[in-house]
Amino acid sequence: MQIVMLRYEIYNSTGLAVNEKMIKRCVRSFATAARIKKSRSFSLAFVDGRTIRKFNRLYRGRDKMTDVLSFAERDSEFVGPGEAEELGEILICSAQAKLQARSNGWPVDYEICRLLVHGLSHLVGYEHEGVSRQEEQRMIDFEKKALAGSEDLSD
């Protein structure tokens, strides 16, 4: 699938009904907000709580379930700066997305889009942990911009 210059593949090992039109709108909005000019791709996987907890423990040293994890290709020791066509991988925990949507009083589709934008933001270099308050706010502002654009786009 190609949106602007951003291609993706979806893997779903859970029972979550994934709204592909919503994903498409969300990706298109993100690509526009991020001003992606070169062809790039990423993979998106919906996983269960046990799987995301395992990855969180292995790669972040946090033995707990989380909502989204990103693995940026730019962090790979095998890729030089600016060489990666592949942005990386995003894991979204379906159970956690459902729980957070219910807790926040909005649709699961919105929560998935929010988590996808957050994961993509990490893949293109935004950070919110271990950075200045200004850098953290820059990521928050960017995510708001990308999410706002996803609501305005037609299928």
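Anything mentioned here points back to the structure above.
Residues numbered from 1 in each chain as written. Predicted model: local features only at pLDDT ≥ 70, side-chain atom pairs only at ≥ 80, totals over all residues. Heavy atoms only, no water.

### Topic: the overall build of the chain
On a plain count of helices and strands, the chain comes out with five helices and five strands. Beginning at the N terminus, the succession of helices and strands in the chain can be written as β-β-α-β-α-β-β-α-α-α. Out of the 155 residues belonging to the chain, those deemed buried represent 39%. Long-range pairs, those at least 24 residues apart, make up 67% of the contacts in the chain with a sequence separation of at least 6. (Helix = DSSP H or I, 4+ residues; strand = E, 2+ residues; numbered from the N terminus. Buried < 20%, exposed > 50% of the residue type's maximum accessible area, 1.4 Å probe, protein only. Contact = heavy atoms within 4.5 Å.)

### Observations concerning the nonpolar core
By size, the foremost hydrophobic cluster in this structure holds 32 residues, and its most contacted members are Ile23, Phe42, Ile90, Ile92 and Leu116. Of all the secondary-structure elements, those providing two or more residues to this core are β2 (6–12), α1 (20–33), β3 (40–47), β4 (68–72), β5 (86–93), α4 (108–123) and α5 (133–152). Excluding anything up to four places from it in sequence, phenylalanine 42 contacts Leu6, Arg7, Tyr8, Glu9, Val27, Glu86, Leu87, Gly88, Ile90, Leu116, Leu120 and Leu123. Of all hydrophobic cores here, the second largest spans six residues; its members include Ala45, Val47, Leu69 and Leu91. (Core = buried A, V, L, I, M, F, W, Y, C linked by side-chain atoms within 4.5 Å.)

### Thoughts on the packing of α1 against α4
Each pair of packed helices can be summarised by the angle the axes make with each other and by the distance between the axes. α4 packs onto α1 with a crossing angle of 35° between their chain directions and a minimal axis gap of 10 Å. For the pair α1 and α4, the crossing hand works out as right-handed. Counted together, Met22, Ile23, Cys26, Val27 and Phe30 of α1 and Asp109, Ile112, Cys113, Leu116, Val117, Leu120 and Ser121 of α4 form the full contact between these two elements. Of the residues assigned to the contact of α1 with α4, the class counts are 10 nonpolar, one polar and one charged. (Axes fitted to C-alpha atoms, helices over the stretch in contact; angles between N-to-C directions. Left-handed = near helix turned anticlockwise from the far one by under 90°. Nonpolar A, V, L, I, M, F, W, Y, C, P; charged D, E, K, R; others polar.)

### Topic: the layout of surface pockets
Roughly 700 Å³ of volume is contained in the largest pocket. Along the wall of the largest pocket there are 30 residues; nearest its centre are Arg60, Val68, Leu69, Ser70 and His122. When residues of the lining of the largest pocket are traced back to their parent elements, those giving at least two are α2 (49–60), β4, α4 and α5. Top element by residues in the lining of the largest pocket is α4. It accounts for seven residues. Taken together, the residues of the lining of the largest pocket break down into 12 nonpolar, seven polar and 11 charged. (1 Å grid on protein atoms, 1.4 Å probe; cavity = no way out; pocket = protein on both sides within 12 Å on 5 of 7 lines; lining within 4 Å. Points joined across faces, edges and corners; volume = space filled by probe spheres on them.)

### Details of the packing of helix α3 (residues 94–104) against α4
α4 packs onto α3 with a crossing angle of 115° between their chain directions and a minimal axis gap of 8 Å. Handedness of the crossing formed by α3 with α4: right-handed. Each of Ala97, Lys98, Gln100, Ala101 and Asn104 in α3 lies in contact with α4, whose residues at this interface are Val108, Glu111, Ile112, Arg114 and Leu115. Of the residues assigned to the contact of α3 with α4, the class counts are five nonpolar, two polar and three charged.

### Observations regarding the packing of aromatic side chains
Following the criterion strictly, the structure yields seven aromatic pairs and no others. With a centroid separation of 5.5 Å and 85° between ring planes, the pair formed by phenylalanine 30 and phenylalanine 142 is classed as edge-to-face. Highlighted residues: phenylalanine 30 in helix α1 and phenylalanine 142 in helix α5, separated in sequence by 112 residues. Residue classification places phenylalanine 30 among the buried residues on the basis of a relative accessible area of 0%. Between tryptophan 106 and tyrosine 110 the ring centres are 5.0 Å apart and the planes differ by 70°, which places this aromatic pair in the edge-to-face class. (Phe/Tyr/Trp six-rings, centres within 6.5 Å; stacked < 30°, edge-to-face > 60°.)

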